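Observations on the model geometry
The chain contents come next:
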Amino acid sequence: MKVAAVIAAGGRGRRMNSTLSKQFLMLKGRPILYYTLNTFENLKEIDEIILVVGSSDIVYAQKEILLPYRFRKVKLAEGGKERQDSVYNGLRSCSPQTDIVVIHDGVRPFVTRKIILDSIEAAKKYKAVGVGVPVKDTIKVVDKGFILNTPDRKTLWAIQTPQTFEYSLILKAHEEARKSGFYGTDDTVLVERLGFPVVMIEGAYENIKITTPEDMIVAEAFLNMGYGDFKR
Ligand SMILES: Nc1ccn([C@@H]2O[C@H](COP(=O)(O)OP(=O)(O)OP(=O)(O)O)[C@@H](O)[C@H]2O)c(=O)n1
Ligand SMILES: C[C@](O)(CO)[C@H](O)COP(=O)(O)O
């Protein structure tokens, strides 16, 4: 069984307001992407890693990530305009023998070995897997400044990555979405559109997506608390 990982790192991180793309920002002396890639690189269950970065970041990624940290399994692919385009390019760069693909955001460095392995095991059985956590807040549907309704919290989960799939299924889901011009903000929604059931497994509240400047402070605190499975 051949398992690939596609690490989406082709964004600019506009909400971070930094000149450097946020996935290259330093946390305790190492780039965010180092932590994410290190956890995947050290899993024997992962055969190859496709790191997708924007075209203007390819040289930087080679020089500042691949060379200094000697990631053996990582190959670079060029990103696209939206996250979905970047993931699609990553999927097309996977070895054609790939059976299962784990899609993960480069800016979620606190993913654990257990979450990745649980998602792979679930994908062997169910072919399409989302990782998420039950929401802690009460969520309101709001339109034009007024609350429309209050969905039952018991049914609401916040979706994270990894999202793990049978390779042929997720490739087909991306191709169908492209044909109809559909863009989603994650990958499970593309499989949902096919009418195929997607199983949800529990991730972790600390598996945050580093998005805005205050997330850097939280991430540094998590590092100090020993969260994450990367080599320190
Ligand atoms: N064209 C894009 C856009 C996003 N991503 C990646 O998708 C992940 C989650 O996206 P998000 O946090 O929204 O990142 P950005 O698009 O970089 O952030 P922003 O929306 O603030 O610009 C990130 O690892 C990001 O690099 C990508 O691979 N290609
Ligand atoms: C895929 C994702 O990480 C799920 O939470 C997220 O949707 C991608 O980032 P964005 O901020 O929604 O673009």
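Labelled according to an unreviewed UniProt entry, the protein chain appears under the name 2-C-methyl-D-erythritol 4-phosphate cytidylyltransferase, originating from Caldanaerovirga acetigignens. Per UniProt, the comment on the protein chain under Pathway (unreviewed entry) is "Isoprenoid biosynthesis; isopentenyl diphosphate biosynthesis via DXP pathway; isopentenyl diphosphate from 1-deoxy-D-xylulose 5-phosphate: step 2/6." Under Catalytic activity (unreviewed entry), UniProt gives the following word-for-word description of the protein chain: "2-C-methyl-D-erythritol 4-phosphate + CTP + H(+) = 4-CDP-2-C-methyl-D-erythritol + diphosphate".

Attention now goes to the layout of surface pockets. Empty space within the largest pocket amounts to approximately 790 Å³. Gly11, Arg15, Lys22, Arg83 and Lys209 are, among the 30 residues lining the largest pocket, the residues nearest its centre. Breaking the lining of the largest pocket down by element, the ones donating at least two residues are strand E1 (3-9), helix H3 (83-93) and strand E10 (157-166). Its residues placed into classes, the lining of the largest pocket shows five nonpolar, 14 polar and eleven charged. Listing elements by their share of the lining of the second largest pocket, those giving two or more residues are strand E7 (128-134) and E10. Ranked by residues supplied to the lining of the second largest pocket, first place goes to E10 with three residues. Considering only residue class, the lining of the second largest pocket consists of seven nonpolar, two polar and two charged.

We now examine the site of ligand 1. Close to ligand 1 lie 19 residues, the nearest being Ala8, Gly10, Gly13, Arg14 and Ser86. Within the side chain of Ser86, one N or O atom sits 2.7 Å away from a nitrogen atom of ligand 1. Taking Gly106, its main chain carries an N or O atom lying 3.4 Å from an oxygen atom of ligand 1. Look at ligand 1: alone it shows 560 Å² of surface, and the protein chains cover 88% of it. If you list the elements that add at least two residues to the shell around ligand 1, you get E1 and H3. Considering only residue class, the shell around ligand 1 consists of three nonpolar, seven polar and nine charged.

Time to look at the packing of aromatic side chains. Throughout the structure, instances matching the rule amount to nine aromatic pairs. On the numbers, 4.9 Å between centres and 70 degrees between planes, the contact of Phe24 with Tyr60 is edge-to-face. With Phe24 in the loop between E1 and strand E2 (26-27) and Tyr60 in helix H2 (residues 58-69), the pair connects residues that are 36 residues apart, well separated along the chain. Judged by its relative accessible area of 31%, Tyr60 falls in the partly exposed class. When the ring of Tyr35 is compared with that of Phe230, the centres are 4.7 Å apart and the planes differ by 65 degrees; the resulting orientation is edge-to-face. One end of the pair, Tyr35, is in helix H1 (residues 32-41); the other, Phe230, is in the segment after helix H7 (213-224), and 195 residues separate them in sequence. The two residues Tyr35 and Phe230 agree in class, both being buried.

For the rest of this paragraph, the subject is the site of ligand 2. By nearness alone, every residue bordering ligand 2 is listed as Arg15, Arg83, Asp105, Arg108, Ile159, Thr161, Thr185, Asp186 and Lys209. Within the side chain of Arg15, an N or O atom sits 2.9 Å from an oxygen atom of ligand 2. In this structure, Ile159 approaches ligand 2 through a main-chain N or O atom, which is 2.8 Å from an oxygen atom. Protein contacts shield 76% of the accessible area of ligand 2, which totals 350 Å² for the unbound molecule. If you map ligand 2 onto the pockets, it falls in the largest pocket.

Following the UniProt record, the feature "site: Transition state stabilizer" (unreviewed entry) maps to Arg15 and Lys22 here. Among the residues just listed, Arg15 and Lys22 line the largest pocket. Here Arg15 shows up in the loop between E1 and E2. Residue contacts for Arg15: discarding those within four places in its chain leaves Lys209, Thr211, Thr212 and Pro213.

The rules we used
- Position numbers for residues start from 1 in each chain and track the written sequence from start to end.
- Whichever chain is written first becomes A and whichever ligand is written first becomes 1, with later ones labelled in order.
- Local features are withheld for residues below a pLDDT of 70 in this predicted model, meaning they are given only at 70 or higher, and side-chain atom pairs are given and counted only at 80 or more; totals for whole chains, interfaces and linings count all residues.
- Values shown for side chains rest on all heavy atoms present in the structure; no hydrogens or waters enter the calculation.
- UniProt positions are given in the numbering used here, feature names are shortened, and annotations may be inferred rather than shown by experiment.
- Computed over the protein atoms alone on a 1 Å grid, cavities are sets of points where a 1.4 Å probe fits but cannot get out and pockets are open sets with protein on both sides within 12 Å along at least five of seven lines; a residue lines them when it has an atom within 4 Å of a point.
- Grid points are joined across faces, edges and corners, and a volume is the space filled by probe spheres set on the points.
- By definition, any uninterrupted DSSP run of H or I lasting at least four residues is a helix, any uninterrupted run of E lasting at least two residues is a strand, and each is numbered from the N terminus.
- For this classification, Asp, Glu, Lys and Arg are treated as charged, while Ala, Val, Leu, Ile, Met, Phe, Trp, Tyr, Cys and Pro are nonpolar and the rest, including Gly, are polar.
- The cutoff for a nearby residue is simple: one of its non-hydrogen atoms must lie within 4 Å of the molecule or strand.
- Within 3.5 Å is the distance limit for a polar contact, defined as a pair of N or O atoms, with the added protein rule that one can donate a hydrogen and the other accept it, and that residues adjacent in sequence qualify only through two side-chain atoms.
- In short, Shrake-Rupley with a 1.4 Å probe defines the accessible areas, and a residue's cover is counted only from the protein chains shown.
- Any two rings among Phe, Tyr and Trp, with Trp reduced to its six-membered ring, count as a pair given centres within 6.5 Å; such a pair is stacked if its planes are under 30 degrees apart, edge-to-face if over 60, and tilted if neither.
- Exposure classes here rest on a 1.4 Å probe applied to the protein chains alone. A residue is buried below 20% of its type maximum, exposed above 50%, and partly exposed in between.
- To qualify as sitting in a cavity or pocket, a molecule needs more than half of its atoms within 2 Å of the grid points.
- When checking whether two residues touch, look at their non-hydrogen atoms; a contact exists if any pair is within 4.5 Å.

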